[in-house]
Each structure stands twice: as structure tokens, then as C-alpha cells.
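Observations on the three-dimensional arrangement
Here is what each chain is made of, one letter per residue.
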Amino acid sequence: MCITSRPITLISILVSLFLVSSAQTCSNYTFTSSRVFSSCIELQYLQAHLHWTYIQSTRQVEIAYRSNQTSEGWIAWAINPNNTGMLGSQALVAFHNANGSMTAYPTAITNYNPSMVPGTLSFKVSNISAEYSRNQMTIFAVVGPLDKGTMVNHVWQSGSSVSSNIPQMHPISGEHVQSMGRLNFLPG
């Protein structure tokens, strides 16, 4: 009895450890950079999460947007200050560049065939960086001040390829056309 129960116990422990580590979805997620955020939501589409801390005194938001992704793909998170959806959104994009390091920068989405090159947004972006860990890409940044308040339209996206350091077109069906929502950065 004891001999056969040991392997079963060991397997049970290993499965439990795997389930606990893979269950780090939102509020219990630990960033490799030891950053901590006051709020988090699990986004409904594209296996993505948004972590943030709103700084009332400056009307800025420190964000971490993370999404499951292969090392060949890209991710983006955006605020659309004037509308819903992709068109007009002010995006932060991240991917592995040609030399293998992570790249993150802002880009404005002005049409349905955007250039996806670095650009200036309608609000300030600082401290932008990205990391790739545990099959997830994460964008870190401070955005704002937000002139139109704490309630924003936001959009998130991912694609499977990057060519010449430019993210390529994402799928235009399913979750990829549903990945948008309304968000209030104020806690509570």
C-alpha cells in the first residue's frame, strides 16, 4: 500500500503546484520585475489582463498590459479618447525586435491599415517598456495626464507576426474584433 501511494501523492502534489502557478490570472499575479498595481481586470477576450494604479494628483495611470503570446507575435493596448473601437485609438505596442530584445512604443491608429511605426499620441506616455516571460508579453507604461477623466474606451489586440520590426495585420474576426470595452481607472 505505501509503495503505490507515494507515486500518487507525488503526482498529486505536482499537479497542484502546476494548477496554482497557472491560476495566476489577475490580482495574484507576480511580475518578474516585482511591480505592484492597485487594480486589475481580466479582459474578456484574447487571454489578456490589465493592471493599473491611478495617480489622482497627476491624473496619470501606471499600467501593465499582459497577454498570452508566442515570441514571434505582438501585443497592443490602446485608449480611444474620442470613440469606441480601433479607429482613432492611441496604442502601446510590444514585440521582439530583429535582435531578439523586447521593443515597446506608442503608435496612433488613424486608419484600418495603420503603419504601426512609433509615433506621438494625443496624451503623454512615459516609462514605456516590455518584457516576455512565461509565454506572455507585458507592456509597462505611465499614460497621462488624462484630460477627459478616468472613464476611457480601451482596445487591446494581438497578432502572430512581426516583419522588419513592424507588427503585421491581426485576424479580423472572432475575439480580435470584440476586444474593446469601457474602463474606469478610479478604484472601487
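I will try to describe carefully the structure that is included in this document. Every value quoted in this text rests on a predicted model; they were computed, and no experiment measured them.

Quick notes on the nonpolar core
- Membership of the largest hydrophobic core comes to 27 residues, with the highest contact counts inside it found for Leu50, Ile63, Tyr65, Trp77 and Phe185.
- At the level of elements, strand S2 (48-55), strand S3 (60-68), strand S4 (74-80), strand S5 (90-96), strand S8 (136-143) and strand S9 (151-159) are the ones that each hand at least two residues to this core.
- Beyond its immediate sequence surroundings of up to four residues, tryptophan 77 is in contact with Leu50, Ile63, Tyr65, Gln90, Ala91, Leu92, Ile139, His154, Val155, Trp156 and Phe185.
- Listed in part, the 9 residues of the second largest apolar core include Ala76, Val93, Phe95 and Met116.

Focus: the environment of tyrosine 65
- Within the fold, tyrosine 65 resides in strand S3.
- Given the relative accessible area of 0%, tyrosine 65 is considered buried.
- As a C-alpha pair, tyrosine 65 and tryptophan 156 span 91 residues in sequence and 8.8 Å in three-dimensional space.
- Residue contacts for tyrosine 65: discarding those within four places in its chain leaves Leu43, Ala48, His49, Leu50, Ile75, Ala76, Trp77, Met137, Thr138, Ile139, Trp156 and Gln157.

Structural notes on the sheet that holds S9
- Ordered by their spatial adjacency, 5 strands build an open sheet running S6-S5-S4-S9-S12, and the pairing between neighbours is antiparallel. Each end of this open sheet is capped by a strand with a single partner; those strands are strand S6 (102-108) and strand S12 (180-184). Neighbour to neighbour, the strand axes of the sheet diverge by 25° on average, direction disregarded.
- In terms of strand pairing, S4 meets S5 through 6 bridges, oriented antiparallel. Bridge pairing links tryptophan 74 to phenylalanine 95 in S5.

Quick look at unusual backbone geometry
- The residue after glycine 144, namely proline 145, is reached through a cis peptide bond having omega 20°.
- Mapped onto the elements, proline 145 comes out in the loop between S8 and S9.
- Residues other than glycine seldom take positive phi values, yet glutamine 47 does so here, at roughly 45°.
- Its identity as a non-glycine residue notwithstanding, asparagine 165 has a phi of 65°, on the positive side.

Cut-off values and rules
- Residues numbered from 1 in each chain as written.
- Predicted model: local features only at pLDDT ≥ 70, side-chain atom pairs only at ≥ 80, totals over all residues.
- Heavy atoms only, no water.
- Core = buried A, V, L, I, M, F, W, Y, C linked by side-chain atoms within 4.5 Å.
- Buried < 20%, exposed > 50% of the residue type's maximum accessible area, 1.4 Å probe, protein only.
- Helix = DSSP H or I, 4+ residues; strand = E, 2+ residues; numbered from the N terminus.
- Contact = heavy atoms within 4.5 Å.
- Pairing = 2+ DSSP bridges.
- Axes fitted to C-alpha atoms, helices over the stretch in contact; angles between N-to-C directions.

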